[in-house]
Amino acid sequence: MNPTVSCSWLQERMSEPDCIILDASLTPVGGEGQSPASSCIPGAVRFDLEELSDTSSQLPHSLLGPMEFQRKVRQMGVNADSTVVVYDNNGIYSSPRAWWNFKLTGHDDVYVLDGGINEWNAQGLESTNQHKVIEREGDFVATPRDSMTSSVQDVLAAIHSPAHQIIDLRSAPRYGGEQDEPRPGLRRGHVPSAVNIPFSELFDGHRLKEPKHLKEFFERAGCSTDQYLIFYCGSGVTACIGILAAFACGFSNVSLYDGSWAEWGAEGSLPIANQ
């Protein structure tokens, strides 16, 4: 099934008791884009990616351990049988990261609202200025899928493996080493053998492009469905846009390099390329 849903789809189902709407809005790195807004979809619960990251890690937006993630989403009222719909306030920006969090912990009944609150408001649908307050915890159960994340060692091994393809979702100037990283202290360039699919090119306006057009990006980059695709970006957030796009056009053997360039670019012993 397509990993995104439309506003009309959500409007028809949002009153069902097993439908959980999560607002995963996040201010983009560097301050570009919209900050988390006061306008939200009625019944939405706040999913704060800053709070749902491992704050003990020196790296930004590191994944929480599965049991801690389970504890926190139970507080949001999420059950084992919930249909979860995630959105954000920049069309599609941070919501795929929340979507992937659920996938990583074994919950497949989860979707991204295509176009987010931008599309919701553009269609003139009802909004509110308050998130829903949860009075009763859910019974969500985390079942980790370790093969869907990659470590530094995994990425190093994938550089020379034809069975793998590493994909960099950052902009072309950052990938090519022509532009400084927004986070200070990081080297310029990219992981050797990685191909570049800038996440900003995957959209028509604030919505994801049609699957046939998304597939063209992956085919031009030399990706095939029998490869294991490893995605990274600056901190592991927008890489999940690439994963969402991959799912939408038929790729499912995928993984997130959670440390992303925040880790790779900071470690002087790791190889880099800039062409």
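Criteria and cut-off values
- Residues numbered from 1 in each chain as written.
- Predicted model: local features only at pLDDT ≥ 70, side-chain atom pairs only at ≥ 80, totals over all residues.
- Heavy atoms only, no water.
- Pairing = 2+ DSSP bridges.
- Helix = DSSP H or I, 4+ residues; strand = E, 2+ residues; numbered from the N terminus.
- Buried < 20%, exposed > 50% of the residue type's maximum accessible area, 1.4 Å probe, protein only.
- Core = buried A, V, L, I, M, F, W, Y, C linked by side-chain atoms within 4.5 Å.
- Contact = heavy atoms within 4.5 Å.
- Phe/Tyr/Trp six-rings, centres within 6.5 Å; stacked < 30°, edge-to-face > 60°.

> If you had to explain the sheet that holds strand 12 (residues 254-257) to someone new, which residues and values would you point to?
Spatial ordering of the open sheet is given by 6-12-11-7-8, a layout of five strands whose pairing is parallel. The sheet is open, and its two edges are formed by strand 6 (149-150) and strand 8 (195-196), each paired on a single side. Pairing geometry for strand 7 (residues 164-168) and strand 11 (residues 228-232), over five bridges, is parallel. The residue of strand 11 that forms the bridge with Asp-168 is Tyr-232.

> How would you explain the pairing of strand 7 if you had to name every residue and give the values?
Buried residues dominate strand 7, accounting for four of its five residues. Here strand 7 pairs with strand 8 via two bridges, running parallel. Bridged to Ile-167 within strand 8 is Val-195.

> Got a sec to walk through the nonpolar core? Specific residues and values, please.
Of all hydrophobic cores here, the largest spans 56 residues; its most connected members are Phe-47, Phe-102, Phe-218 and Phe-231. Here this core takes eight residues from helix 8 (residues 239-248), the largest share from any one element. Ignoring anything within four residues of it in the chain, the contact list for Phe-102 reads Leu-22, Phe-47, Phe-69, Val-73, Val-78, Val-84, His-107, Val-110 and Phe-140.

> I'd love a proper account of helix 8, names of residues and values included.
Counted residue by residue, helix 8 has nine buried out of 10 residues, so it is predominantly covered. When helix 8 is considered as a whole, its buried residues turn out to be Ala-239, Cys-240, Ile-241, Gly-242, Ile-243, Leu-244, Ala-245, Ala-246 and Ala-248. Downstream of helix 8 by a residue or two, Gly-250 has a phi angle that is positive, lying close to 105°.

> So what's going on with the packing of aromatic side chains? Which residues, and what values?
All chains considered together, the criterion is met by 15 aromatic pairs. With centroids separated by 6.0 Å and ring planes inclined at 80°, the aromatic side chains of Phe-69 and Phe-140 adopt a geometry described as edge-to-face. You can see Phe-69 sitting in helix 2 (residues 66-74) and its partner Phe-140 sitting in the loop between helix 4 (116-122) and strand 6, a full 71 residues away along the chain. By the burial criterion, Phe-69 is buried, and Phe-140 matches it. Relative to Trp-261, the ring of Tyr-232 has its centre 6.3 Å away and its plane inclined at 25°; by these criteria the two rings are stacked.

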